[in-house]
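Analysis of the macromolecular model
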Amino acid sequence: MIKGLIKFSCRLLRAPLIQGLMFASCLLPAGNALAQAAGARIHLNQVGFLPESGKIAVVPDTPVGEFWLVDAKTGSEVLRGPLSQAQTWDVAGETVKIADFTAFNKPGYYRIRVADAGESPPFHIQANVYDGVLSAAIKYFYFNRASAPIDADHAGQFARPAGHPDTLVYIHPSAASDKRPAGTVVSSPKGWYDAGDYNKYSVNSGISTYTLLVALADFPRVFADMRLNIPESADAVPDLLNEILWNIDWLITMQDPHDGGVYHKLTDLRFSGDGLPHEQNTNRYMVQKSTAATLNFAAVMAYASVVMRDYQKQFPGRAEQYLQVADRAWSWAKKNPKVLYVQPQEINTGAYAMVNETLQDEWFWAAAELFRASGKKAYMSGIGLPENPRVPEWSSVEGLGLFALARQNGTDKLQQGARDLLLSMADRMVREYWQSGYLVPMTEVDFRWGSNAVALNKAMVLLMAERLRPNKDYRPAARALLDYVLGRNPTGYSFVTGFGTKSTLYPHHRISHYDKITAPVPGMLAGGPQPGWQDKCKYPSRLPAKSYLDDWCSFSTNEVAINWNAPLVYVVAALRE
Ligand code: 9MR
């Protein structure tokens, strides 16, 4: 018997069904003092689990060998199972055990209880458990729209007047050209604010748009009828596409129509201070064209043209237009193959600059997408497969090129090679998964700015790999990463605002900070733990996986961003199926 539980008599219901697990029915007094004293030291996905999916909780190392699954409302025990051997996770400085209750699939509302470790937060087992997170994660993009009123019909308490019309944007001296000298006024409305700030950055917008496009294309059934209550909801296309088009309409204006080059960003000179979007009245600038932004644009628009082929009727001519602008961008890049973005001195907003970069990854991605969209292999000439592909993020995009090639069903060497590379990335993640105490494939290098998106982009690679070649560990490892951001992590936070019993409340998101509403905009993924402390806030720990602060101050762990929410959308859509 387990210490501390001895007093309670339990009636064993069924044992043999599930190996290693016992069903039992016990009544423990609600608010068991033992459980409460210990606090929430048991970490798990606070939103919950699908009935048929893997279900894991992480428990502190304790001499106890057993966990209980209890009904969250009555406290009665419904299942008992063995805890695993203890295993350490260095990035958290912890030794922990695993409670695996995968085999239990009865819908309901539960907690995990371990004598002398207390109780977990409550969670659901339910078929539609992720629906709310998925629609909120997409709706965040709507809340972050520039140039449109966010009205009460669609936003409820989060309504706000339109901000940044961006119809009067100045060409900055760094972006001056013959046809558009410095000071020329151009119009560049719409798009999403990048993050907690109000600027619009081509490179980051590109990968975000792209990730959402891939989600739409990969999970058509999930999105076909999903209505998000946005202004376009009554039209005949999925709302996810409507939301994506809001940003594409802007992205297109970032291309100089005279030469095809793409401006690196549309920005204030300095990060804006207090206030909501409509309270800002700073000048806005188009800043320097760069090869990275131009190739990124080429890749995104080429892929958008592929997706739009399914919507010819609703949006005639778009697929052709998108491919055309992509090819124009490509031609500019050919003539300007290595124009790096250099932040002008008077500007201090996000740089999204490629540091020590060859731009090989941008070339590879753009070539692969143009090849996929046009069928012309010439785009790939002189471009080889990456040697050590990294997990996709705004600054490393070769993995996106691998997706493009691997998913063309061709058999040529590039396509086959891309598949092999993706599979070996996924296999490496599976090894990391088994080696981590939390059973989460995150290693020390992953804890950098935006670590939660590193987690979800890793999950995306695993899910892509699964489409190429089934493997019993790919999906559990991907699911572990979603569990991680929703609470199975050493901070005990669910990093998605509005979801989970203890979720991020004070994100570095100007709109949420200045709107005088206590709750943050829901569905936003916080950047996540990382030990850089770039903002000089007071962190509770320097351990990589614990260096997180739920405070407005913490822009380096608690900001939100479109490129972080986009893989959240992809991964939840994939795992909800
Ligand atoms: O996500 C970006 C991260 O990789 C960089 O290390 C960091 C510092 O340059 O900037 C992050 O992006 C921020 C951008 O520069 C401005 N908008 C907010 C973004 C998220 O913090």
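Our subject in this report is the structure included herewith. Not measured: the values here are computed from a predicted model. (Residues numbered from 1 in each chain as written. Predicted model: local features only at pLDDT ≥ 70, side-chain atom pairs only at ≥ 80, totals over all residues. Heavy atoms only, no water.)

Regarding the sheet that holds strand β7 (residues 87-89)
Operational definition: Strand pairing is assigned whenever DSSP identifies at least 2 bridges connecting the two strands. Labels follow the DSSP assignment, with helices taken as runs of H or I lasting at least four residues and strands as runs of E lasting at least two, numbered in each case from the N terminus. An axis is simply a line fitted to the C-alpha atoms; with a helix, the fit covers only the stretch in contact. Between two such axes, the angle follows the N-to-C directions and lies from 0 to 180 degrees.
In space, the three strands of this open sheet follow the order β4-β8-β7, with antiparallel pairing throughout. Edge positions in the open sheet fall to β4 (56-60) and β7, since each of these has one partner strand only. Across the sheet, the mean angle separating the axes of adjacent strands is 50° when strand polarity is ignored. Of the strand pairs in this sheet, β7 and strand β8 (residues 94-100) are connected by three bridges, and their pairing is antiparallel. Across the sheet, threonine 88 pairs through a bridge with threonine 95, a residue of β8.

With respect to the packing of aromatic side chains
Put simply, the rule reads: Each aromatic pair joins two rings of Phe, Tyr and Trp (for Trp, the six-membered one) with centres within 6.5 Å, and gets the label stacked for planes under 30 degrees apart, edge-to-face for over 60, and tilted for any other angle. Note on classification: 1.4 Å probe, protein chains only; a residue is buried when its accessible area is under 20% of the maximum for its type, exposed when over 50%, partly exposed between these limits. A ring has a charge above it when a Lys NZ or an Arg CZ is no more than 6 Å from the ring centre and no more than 35 degrees off the ring normal.
Going through the model one piece at a time under the given rule, you end up with 28 aromatic pairs. Between tyrosine 142 and phenylalanine 143, the aromatic rings sit 5.8 Å apart at their centres with planes inclined by 55°, giving tilted as the arrangement. Here tyrosine 142 falls in the buried class, since its relative accessible area comes to 1%. For phenylalanine 143, a relative accessible area of 7% puts it in the buried group. Where tyrosine 352 meets tryptophan 394, the ring centres are 4.9 Å apart and the plane angle is 90°; that geometry is what we call edge-to-face. One end of the pair, tyrosine 352, is in the loop between α8 (318-335) and α9 (360-374); the other, tryptophan 394, is in the loop between α9 and α10 (398-406), with 42 residues separating them in the sequence. One Lys or Arg, lysine 502, reaches over the ring of tyrosine 493 and ends 4.5 Å from the middle of that ring.

Some details on the pattern of salt bridges
Defined as follows: Put simply, a salt bridge is a Lys or Arg side-chain nitrogen that is within 4 Å of an Asp or Glu carboxyl oxygen.
Under the criterion given, the structure shown has 29 salt bridges. We note a salt bridge from glutamate 66 to arginine 80, for which the minimum N-O separation is 3.6 Å. Of this pair, glutamate 66 sits in strand β5 (residues 66-71) while arginine 80 sits in strand β6 (residues 77-82), and the two are 14 residues apart along the sequence. Its relative accessible area of 15% is what places glutamate 66 among the buried residues. Classification of arginine 80 by relative accessible area gives buried; the value is 8%. Residue aspartate 166 is joined to lysine 200 by a salt bridge in which the shortest nitrogen-to-oxygen separation is 2.8 Å. Here the residue aspartate 166 occupies a position in the loop between α3 (152-155) and β12 (169-171), and lysine 200 occupies one in strand β14 (residues 200-201), the gap between them amounting to 34 residues. Accessibility assignment for this pair places aspartate 166 and lysine 200 in one class, buried. Three or more residues are tied together by salt bridges with common partners; here these are Asp166, Lys200, Asp268 and Arg284.

Some details on the site of the ligand
Stated precisely, the cut-off is as follows: A single heavy atom is enough: if one lies within 4 Å of a molecule or strand, its residue is considered near that molecule or strand. Under the rule applied, a polar contact is a pair of N or O atoms within 3.5 Å (in protein, one hydrogen donor and one hydrogen acceptor; residues adjacent in sequence only if both atoms are side-chain atoms). Per-residue accessibility takes into account occlusion by the displayed protein chains alone, with areas from the Shrake-Rupley method and a 1.4 Å probe. Residues were grouped as follows: Ala, Val, Leu, Ile, Met, Phe, Trp, Tyr, Cys and Pro as nonpolar; Asp, Glu, Lys and Arg as charged; and all remaining residues, including Gly, as polar.
Around the ligand lies a shell formed by Asp194, Ala195, Asp197, Tyr201, Gly350, Tyr352, Trp394, Trp449, Glu559 and Trp564. With respect to the ligand, the side chain of tyrosine 352 contributes an N or O atom lying 3.2 Å from an oxygen atom. Coverage of the ligand by the protein chains reaches 78% of its 450 Å² of free accessible surface. A class-by-class count of the residues in the shell around the ligand yields six nonpolar, one polar and three charged.

Some remarks on the sheet that holds β12
With respect to topology, five strands assemble into an open sheet ordered β13-β12-β16-β15-β14, the strand pairing being mixed. With partners counted over all chains shown, the strands left at the sheet margins are β13 (185-186) and β14, one partner each.

Topic: the packing of helix α12 (residues 451-468) against helix α13 (residues 474-485)
Note the following rule: Angles are sorted into four bins: roughly parallel if under 35 degrees, roughly antiparallel if over 145, roughly perpendicular if 65 to 115, and oblique for all others. Crossings are assigned a handedness: left-handed for a near helix turned anticlockwise from the far helix by less than a right angle, right-handed for a clockwise turn. Note on definitions: a residue-residue contact is assigned when non-hydrogen atoms from the two residues lie within 4.5 Å.
The N-to-C vectors of α12 and α13 enclose an angle of 160°; their axes lie 8 Å apart at closest approach. For the element pair α12 / α13, the angle class is roughly antiparallel. As for how α12 packs across α13, the hand of that crossing is left-handed. Touching Asn452, Ala455, Leu456, Lys458, Ala459, Leu462, Leu463, Ala465 and Glu466 of α12 are Tyr474, Arg475, Ala477, Ala478, Leu481, Leu482, Tyr484 and Val485, all from α13.

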